[in-house]
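# Fold and geometry: a report
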Amino acid sequence: MGTNPRRFGTVLTGLGLLAPLNAGCGESTGEVRAKGPSAGPPPVVRVTTVVPERTTLRRTTEEPGQIEAAETTPLYSKLAGYVEAVAVDIGDEVKKGQTLAELHVPEIEADLKHKRALIEQAQAEKKQAEATVEVSHAGVASAEAKVAEIRAGVIRTDSDVARWRSEFTRVEQLFRERAQTGTLLDETRNKLKTAEAAQEEVKAQIDSAEAARAEAKALLDKAGADVEAAASRIEVARFEAERAEAMAGYARVLAPFDGVVIRRGVDTGHLTTPGATGELLFIVARSDVVTITVGVPEIDAPFINAGDPARVRLQALAGRIFEGEVTRTAWALDAATRTLRVEIDLPNPDKVLRPGLYAYATIVAEERKDVLTAPATAVVSDGGKSYWVAVVDGRARRKEVKLGLSDGKRVEIVSGLSGSEAIVEANASSLADGQPVERNSP
């Protein structure tokens, strides 16, 4: 089949027009040129390179939060009574132990007087028991003296009995020898019997005196026990009085700490109901320290710990910055929001930080000082490994590296680079290993 000369010329003309257009497009993009069907060297790609730098990297998280009082205490009445006086109002600054309100509770006051009277009664009973102890001591001493006196009498009667028994024996012997008359013998016998009777009487008195002495000692022991019992009653009465005084003390509603009254719910004459189910009297908020509460998202939560530096910015105070640190964390994330509750305590000496204000907290979770870093855009991830693409002798060379901390813009280079390499700043993943490249002029 023959060739149509007119058609062939038209095709050649079209190809001639397309050639310069294709050449112009390839030079203007700066990207890797598409491989044509014809074989040839890979295209030269222009790239921008950077040198790793040593700097300080920080992993931070900025979260919104709010100011809360370090301590907020609602105050209720412990007693049922009438409000006799209210000493403070909302906004008033109070000191720890300051009286906020006073209640009138007559039955508590009467009970306290009764308990104090019981102390005086117990003390009087103790004095009486102590006096009885003194009397009992005297009784024991008297009984001891009586026993001693009777024992002396026993010795005397024993002596008399011995003398008259000896005399009776002598007279009886003389009477047998007819040297004495029967009258003298009878008189001597009677004297002996009288002495023996006196001896028996004294022995009987000893038993009675010893019984009296035992009774006196028993009375002394009882008196001592009465003193101890009276002392115990005094202690019981004192404890009861202390309890009554404590109950009476609840008639004064006191500030639990230095702070500000942020709510008042009672007026003079109100009848209070004991316990938290009753009416609220006051709410006192601590003012010298406030707590900034923020919720840190799950992605940053594992890196937040107590002691991490924090900066708090308050929009309501024209963006004023307050320096602090993380005071505590909840450790466990909230199941509903998947955030970690983080609290930052800040001193508030001038009381400009008020509970309820909106705040922004920037927390430094990690920090690396003077570490070798490079732009995060230069990272190439492939097969679970990380690479940089360095320009070596006009060609792209992949080098595996180990990465560390990243702040989102720059990445720490743990190993794999010395710091003098010229690495491709961006789109390094499009370069094949060994591909010719040309560095852009600075």
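Residues numbered from 1 in each chain as written. Predicted model: local features only at pLDDT ≥ 70, side-chain atom pairs only at ≥ 80, totals over all residues. Heavy atoms only, no water.

Our focus in this paragraph is the overall build of the chain. Along its length, the chain carries 3 helices and 22 strands. Looking at the chain residue by residue over its 442 residues, the buried ones come to 31%. Here the analysis covers contacts within the chain between residues at least 6 apart in sequence; of these, 76% occur between residues at least 24 apart. Of the accessible surface of the chain, which amounts to about 27000 Å², a share of 52% is contributed by carbon and sulfur atoms. (Helix = DSSP H or I, 4+ residues; strand = E, 2+ residues; numbered from the N terminus. Buried < 20%, exposed > 50% of the residue type's maximum accessible area, 1.4 Å probe, protein only. Contact = heavy atoms within 4.5 Å. Areas by Shrake-Rupley, 256 points an atom, 1.4 Å probe, with all protein chains shown as cover.)

Looking at where threonine 60 falls in the secondary structure, it is placed in strand S3 (residues 53–69). Put simply, threonine 60 and valine 364 are 304 residues apart on the chain and 4.5 Å apart in space, counted from C-alpha to C-alpha.

What follows covers the sheet that holds strand S5 (residues 82–86). Spatial ordering of the open sheet is given by S5-S7-S8, a layout of 3 strands whose pairing is antiparallel. The open sheet has two free edges, formed respectively by S5 and strand S8 (252–254), since each of these has just one partner strand. This sheet shows a mean twist of 25° between the axes of neighbouring strands, independent of strand direction. Looking at chain direction, strand S7 (residues 99–104) and S8 are connected through 3 bridges and run antiparallel. Looking at the pairing, threonine 99 lines up with leucine 254 of S8. (Pairing = 2+ DSSP bridges. Axes fitted to C-alpha atoms, helices over the stretch in contact; angles between N-to-C directions.)

It is worth spelling out the side chain of threonine 61 at this point. Here threonine 61 lies in strand S3. Separated by 3.2 Å, the side chains of threonine 61 and aspartate 300 make a polar contact. Look past the residues within four positions of threonine 61 in its chain and what remains in contact with it is Val296, Pro297, Asp300, Ile304, Ala361, Thr362 and Ile363. (Polar contact = N/O pair within 3.5 Å; in protein donor to acceptor, adjacent residues only side chain to side chain.)

Moving on, we get to the confidence of the model for the chain. Detailed reading of the predicted coordinates is not advisable wherever pLDDT falls low. Residues with a pLDDT of 70 or more make up 89% of the chain, whose mean pLDDT is 83. Under a pLDDT of 50 for its full length, residues 1–38 has, in the predicted model, 14 contacts with residues more than four places off or in other chains. (pLDDT = per-residue confidence, 0-100.)

Turning our attention to the pattern of salt bridges. According to the stated counting rule, one finds 22 salt bridges in the structure shown. In this structure, arginine 58 engages glutamate 367 in a salt bridge whose closest nitrogen and oxygen atoms are separated by 2.5 Å. Separated by 309 residues along the polypeptide, arginine 58 in strand S3 and glutamate 367 in strand S16 (residues 358–375) bring together distant segments of the chain. Aspartate 288 is the partner of arginine 286 in a salt bridge, and the nearest nitrogen-oxygen pair spans 2.7 Å. Overlapping salt bridges bring together Glu68, Arg328, Arg341, Glu343 and Asp345 as one network. (Salt bridge = Lys/Arg side-chain N within 4 Å of Asp/Glu carboxyl O.)

Let us look at the side chain of threonine 272. The topology assignment puts threonine 272 in the loop between strand S9 (259–264) and strand S10 (282–286). Ignoring sequence-local partners within four residues, the contact set of threonine 272 consists of Ser77, Leu79, Ala80, Gly81, Val83, Leu103, Glu279 and Leu281.

Glancing now at the nonpolar core. In terms of nonpolar packing, the biggest core is built from 21 residues, with Ile292, Ile304, Val312, Val342, Ile344, Leu346 and Ile363 touching the most fellow members. Put simply, the parts of the chain that give this core at least two residues each are strand S11 (289–297), strand S12 (309–314), strand S15 (339–347) and S16. Ignoring sequence-local partners within four residues, the contact set of isoleucine 344 consists of Val290, Thr291, Ile292, Ala310, Val312, Glu325, Val326, Thr327, Ala361 and Ile363. Counting residues in each nonpolar core, the second largest holds 19 residues, with Val83, Ala101, Ile108 and Leu281 among its members. (Core = buried A, V, L, I, M, F, W, Y, C linked by side-chain atoms within 4.5 Å.)

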